[in-house]
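Listed here are the chains, written in short residue letters.
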Amino acid sequence: QVQLVESGGGSVQAGGSLRLSCAASGRTFSRYSMGWFRQAPGKEREFVATISWSGGNTYYADSVKGRFTISRDNAKNTVYLQMNSLKPEDTAVYYCAVGPLNLSSKKEDYNYWGQGTQVTVSS
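The rules we used
- Residues numbered from 1 in each chain as written.
- Predicted model: local features only at pLDDT ≥ 70, side-chain atom pairs only at ≥ 80, totals over all residues.
- Heavy atoms only, no water.
- Helix = DSSP H or I, 4+ residues; strand = E, 2+ residues; numbered from the N terminus.
- Contact = heavy atoms within 4.5 Å.
- Pairing = 2+ DSSP bridges.
- Axes fitted to C-alpha atoms, helices over the stretch in contact; angles between N-to-C directions.
- Phe/Tyr/Trp six-rings, centres within 6.5 Å; stacked < 30°, edge-to-face > 60°.
- Buried < 20%, exposed > 50% of the residue type's maximum accessible area, 1.4 Å probe, protein only.
- Lys NZ or Arg CZ within 6 Å of the ring centre and 35° of its normal.
- Salt bridge = Lys/Arg side-chain N within 4 Å of Asp/Glu carboxyl O.

**Student:** Explain the environment of Ala40 to me, please; I cannot follow it from the model alone.
**Tutor:** Residue position: Ala40 is located in the loop between strand E4 (34-39) and strand E5 (46-51). Sequence-wise, Ala40 and Gln13 are 27 residues apart; in three dimensions their C-alpha atoms are separated by 17 Å. Setting aside chain neighbours within four positions, we find Ala40 in contact with Thr91 and Ala92.

Below is the structure:
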């Protein structure tokens, strides 16, 4: 059974930082891309960042570029999202997911989603 478990969410003030983790179990994901998405209340789930299986390629949504960094440790089957200079508009539930072999920003291309972790940024 595939499981993705996110952690690291919380409440911070604008300008602060958080580091999200996503631990995968049940299979090896080292040959697949991984991605982070987020969903704010009343809004569609949107793409945040993705990373290739090797970690050598990354792609970000324009809204987080320069502030967020995605990384992975295949030995630990874990993907991370370092979030700096947080803004109130970053408030959402953040989800990690297993992606396709190539990088994609489309949620339809992702399988196996975690349960999400709440990030709240106050002004």
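That covers the picture; the talk isn't over yet.
**Student:** How should the sheet that holds strand E7 (residues 68-73) be read in this particular structure?
**Tutor:** Think of a sheet as strands paired side by side through backbone hydrogen bonds, with each pair either parallel or antiparallel. The 4 strands lie next to each other as E1-E3-E8-E7, forming an open sheet whose pairing is antiparallel. Since the sheet does not close on itself, it has two edges, and those belong to strand E1 (3-7) and E7, each with one partner. Each strand of the sheet is rotated relative to its neighbour by a mean of 15°, with strand direction disregarded. The pairing of E7 with strand E8 (residues 78-83) spans 6 bridges and is classified as antiparallel. Bridge pairing links Ile70 to Leu81 in E8.

**Student:** Help me out: how do you make sense of the packing of aromatic side chains in this one?
**Tutor:** Two aromatic rings, taken as a pair, are described by how far apart their centres are and by the angle between their planes. All chains considered together, the criterion is met by 5 aromatic pairs. Measuring from ring centre to ring centre gives 6.2 Å for Tyr110 and Trp113, while their planes differ by 50°; the resulting arrangement is tilted. A residue is classified by how much of its surface remains accessible, and Tyr110, at 4% relative accessible area, is buried. For Trp113, a relative accessible area of 28% corresponds to the partly exposed category. Following the ring pairs from residue to residue traces out a cluster consisting of Phe37, Phe47, Tyr59, Tyr110 and Trp113. Here the basic side chain of Arg19 rests over the ring of Tyr80, its NZ or CZ set 4.0 Å away from the ring centre. Residue placement shows Arg31 over the ring face of Trp53; its charged tip is 4.3 Å from the ring centre.

**Student:** Teacher, can you tell me more about the pairing of strand E11 (residues 117-122) here?
**Tutor:** Side chains of E11 alternate between two faces, with Thr117, Val119 and Val121 buried and Gln118, Thr120 and Ser122 left unburied. Of the pairings in the sheet, the one linking strand E2 (residues 10-13) to E11 comprises 4 bridges and is parallel in character. Bridging from a neighbouring strand, Val12 pairs with Val121 of E11.

**Student:** What am I meant to see in the pattern of salt bridges here?
**Tutor:** Pairs can form between side chains of opposite charge whenever their charged atoms are close. Under the criterion given, the structure shown has 5 salt bridges. Across the pair Arg38 and Asp90 runs a salt bridge whose closest N-O atoms are separated by 2.9 Å. Here Arg38 is found in strand E4, whereas its partner Asp90 is found in the loop between E8 and strand E9 (92-98), with 52 residues between them in sequence. We note that Arg38, like Asp90, is buried. Of the charged contacts in the structure, one is a salt bridge between Asp62 and Lys65, with a shortest N-O distance of 3.1 Å.

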